[in-house]
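Chain residues, written in single-letter form:
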Amino acid sequence: MAYITATYQLTARDRLEQRAEQLALGLTVGSWTELNHLEQQQLASFKGEVVHTEERDGKGYITIRYPEHNVSRDFSAILTTVFGKLSLDGEIKLTELLLPDTFTSDFPGAKFGIEGVRSLIGVEDRPLLMSIFKGVIGRDLSFLRDQLEGQLAGGIDLVKDDEILYDNPLTPTIDRARIGREVIDAHFHRTGKRALYAITLSGPVFTLKDQAKRLIDAGATAFLLNTFTYGLDVLRELASDPEINVPIFNHPAYSGALIASPNHGVAAPVLLGTLPRAAGADLTLFPSPYGNVALPKDVARGIAVEATRLGQTKSIFPVPSAGIHPGLVAQLVRDFGIDSVINAGGGVHGHPQGAAAGVIAFRQALDAALANESLSAAASRHEELRIALDAWGIKS
């Protein structure tokens, strides 16, 4: 028999084994010792099983496994079983979730993953660079075109909408797709370099698949999905559709409501690493350890580990975000490695010489980091990087 395995952190450590057994029963068959022998035999294959308990760092940890046939093959059933009513039960946090290999056919993961995205843009040997549209709400399509052209002119690999840029009268998504393809294709013909532009996919949930296909027909090359305001099963449905043949970026909007507390909710590596990877995201964004909404470094790196570890599904790109500027590039490479995406908004658009120079400064910093050259030394040869470091400094 195959099992879903979940680990929980509890602030209370007393009667840990007894508490674990109560949880395993309460989340499956409900009771055990009150059942007669025949009923126990009938329900044995549905009963949750405690596989480990321990005390560590002042907290209790419980691992329970759930028979796979207790759930239907969707995230709603899985999460309701392992953490539905339990999430309301005081200070308890879901810290690990493992799906069995038997689920792979129903949760095949990303279409593209790290290797596929690299192949689309022709970059194999370094972290990718991504920039964000900024200040587009209230502006028109000519402003959006100018921003995209500026970011591409610097040599960016990926561009994404701001997550709050939904479909709107001034910059409709269908026009953003059309303009994005025009600008990207013109850039390719001029430079030979491919790039992707991720448009925020939005609308009523039951229209999203049709909307995605219309946008692809209009020229969309990637999508940004605010997964946690729509649901993981929505991401899975989009990713599994063979006609939606572009990468999907998972955005963490709203996830802070679930991950912020150290004592309850869902651990960030599970919510932003394990689950979007299983649901089919090709890239997963999360707060970096460096900005105003920073995650602790071990937590952020834990997300990256879940995104990139070897497994039944393709590895996906971790994208530490927020507060990123060229002076952080060497630190980002050390912390997140080659298979990651360096993502910046203000660090690109805030460059005194403009967005194109902002992208160039990031590339100069990245080349230096990969060559084990100090950013200060590289800045002595590159004006764009020097100006960026003067503006933001160096994080070592």
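Rules and cut-offs
- Residues numbered from 1 in each chain as written.
- Predicted model: local features only at pLDDT ≥ 70, side-chain atom pairs only at ≥ 80, totals over all residues.
- Heavy atoms only, no water.
- Helix = DSSP H or I, 4+ residues; strand = E, 2+ residues; numbered from the N terminus.
- Rg over C-alpha atoms; globule rule 2.2 N^0.38 Å.
- Buried < 20%, exposed > 50% of the residue type's maximum accessible area, 1.4 Å probe, protein only.
- Contact = heavy atoms within 4.5 Å.
- Areas by Shrake-Rupley, 256 points an atom, 1.4 Å probe, with all protein chains shown as cover.
- Lys, Arg positive; Asp, Glu negative; His and termini not counted.
- Charge placed at Lys NZ, Arg CZ, Asp CG, Glu CD.
- Salt bridge = Lys/Arg side-chain N within 4 Å of Asp/Glu carboxyl O.
- UniProt positions renumbered as here; feature names shortened; annotations may be inferred.
- Pairing = 2+ DSSP bridges.
- Axes fitted to C-alpha atoms, helices over the stretch in contact; angles between N-to-C directions.
- Left-handed = near helix turned anticlockwise from the far one by under 90°.
- Nonpolar A, V, L, I, M, F, W, Y, C, P; charged D, E, K, R; others polar.
- Expected span 1.5 Å × (residues − 1).
- Polar contact = N/O pair within 3.5 Å; in protein donor to acceptor, adjacent residues only side chain to side chain.

Draft legend 1. Expanded view of the overall build of the protein. Per the secondary structure count, the protein includes 17 helices and 13 strands. Computed over C-alpha atoms, the radius of gyration of the protein comes to 23 Å, within 12% of the 21 Å expected from 2.2 N^0.38 for 396 residues, which places it in the range of a compact globule. Its C-alpha atoms put the protein at 75 × 45 × 35 Å along the principal axes. Across the 396 residues in the protein, those meeting the buried criterion constitute 54%. A fraction of 74% describes how many contacts in the protein between residues 6 or more apart in sequence connect residues 24 or more apart. Only carbon and sulfur atoms are counted for the fraction: they give 51% of the accessible area of the protein, which is about 16700 Å². A distance of 3 Å separates the average location of the 37 positive side-chain charges in the protein from that of its 46 negative side-chain charges.

Draft legend 2. Examining the pattern of salt bridges more closely. Scanning the entire structure with this criterion turns up 29 salt bridges. A salt bridge links D162 to K134; the shortest N-O distance between them is 3.7 Å. Taken as a pair, D162 in the loop between β6 (158–160) and α6 (173–191) and K134 in the loop between β5 (128–132) and α5 (141–153) lie far apart in primary sequence, 28 residues in all. Overall, D162 belongs to the buried group, its relative accessible area being 15%. For K134, a relative accessible area of 35% gives the class partly exposed.

Draft legend 3. Seen up close, the side chain of H187. Along the chain, H187 falls in helix α6. In contact with H187, not counting residues within four places along its chain, are L152, A153, G192 and K193.

Draft legend 4. Structural context of the UniProt feature "binding site: Mg(2+)" (unreviewed entry) in the protein. Per the UniProt record, "binding site: Mg(2+)" (unreviewed entry) is annotated on K160, D162 and E163. Beyond its immediate chain neighbours, meaning those up to four positions away, D162 contacts I132, F133, K134, T200 and L224. Considering the arrangement of structural elements, one finds E163 in the loop between β6 and α6.

Draft legend 5. Region of interest: the sheet that holds strand β9 (residues 248–250). Reading across from one edge, β12-β11-β9-β8-β7-β6-β5-β13 is the order of the eight strands in this open sheet, with parallel pairing throughout. In this open sheet, the two edge strands, each paired with only one partner strand, are β12 (317–321) and β13 (341–344). Each strand of the sheet is rotated relative to its neighbour by a mean of 25°, with strand direction disregarded. Pairing analysis gives three bridges linking strand β7 (residues 196–200) to strand β8 (residues 222–225), with the strands arranged parallel. Counted as the bridge partner of T200 is L224 from β8.

Draft legend 6. The arrangement of the sheet that holds strand β10 (residues 265–266) in detail. A sheet is described by the order of its strands in space; here five strands give the open sequence β2-β3-β1-β4-β10, paired in mixed fashion. Among the strands making up the open sheet, the edge pair consists of β2 (49–56) and β10. Where β2 meets strand β3 (residues 59–67), seven bridges bridge the pair, whose relative direction is antiparallel. Paired with H52 across the two strands is T63, which belongs to β3. Where helix α11 (residues 268–279) meets the sheet, its contacts fall on β4 (92–98) and β10, and the angle it forms with β4 comes to roughly 30°.

Draft legend 7. Structural detail: the packing of α5 against α6. Two elements in contact, α5 and α6, have axes whose closest approach is 10 Å; the angle formed by their N-to-C orientations is 30°. Read as a crossing pair, α5 and α6 show a hand that is right-handed. Residues L141, L144, R145, L148, E149, L152 and A153 of α5 form the contact with α6, whose own contacting residues are D175, R176, I179, G180, E182, V183, I184 and H187. Partitioning the contact of α5 with α6 into residue classes produces eight nonpolar, two polar and five charged.

Draft legend 8. Looking closely at the side chain of S255. Locating S255 in the fold gives a position in the loop between β9 and α10 (256–259). Ignoring sequence-local partners within four residues, the contact set of S255 consists of F228, L271 and L272.

Draft legend 9. Molecular detail of α11. The end-to-end C-alpha distance of α11, which contains twelve residues, comes to 16 Å, matching closely the 16 Å that a straight helix rising 1.5 Å per residue would cover. α11 sits mainly inside the fold: twelve of its twelve residues count as buried. Of the residues trailing α11, G280 is marked for its positive phi of about 115°.

Draft legend 10. Quick look at the environment of E91. Mapping E91 onto the fold places it in the loop between α3 (75–83) and β4. The class of E91 is partly exposed, set by a relative accessible area of 42%. Excluding residues that lie within four positions of it along the chain, E91 makes contacts with Q9, L10, T11, N263 and H264. Of the polar contacts made by the side chain of E91, one reaches the side chain of T11; its length is 2.9 Å.

Draft legend 11. Focus on the pairing of β4. Here strand β1 (residues 3–10) pairs with β4 via six bridges, running antiparallel. Bridged to Y8 within β4 is L94. Pairing analysis gives two bridges linking β4 to β10, with the strands arranged parallel. What sits directly across from K93, in β10, is G265.

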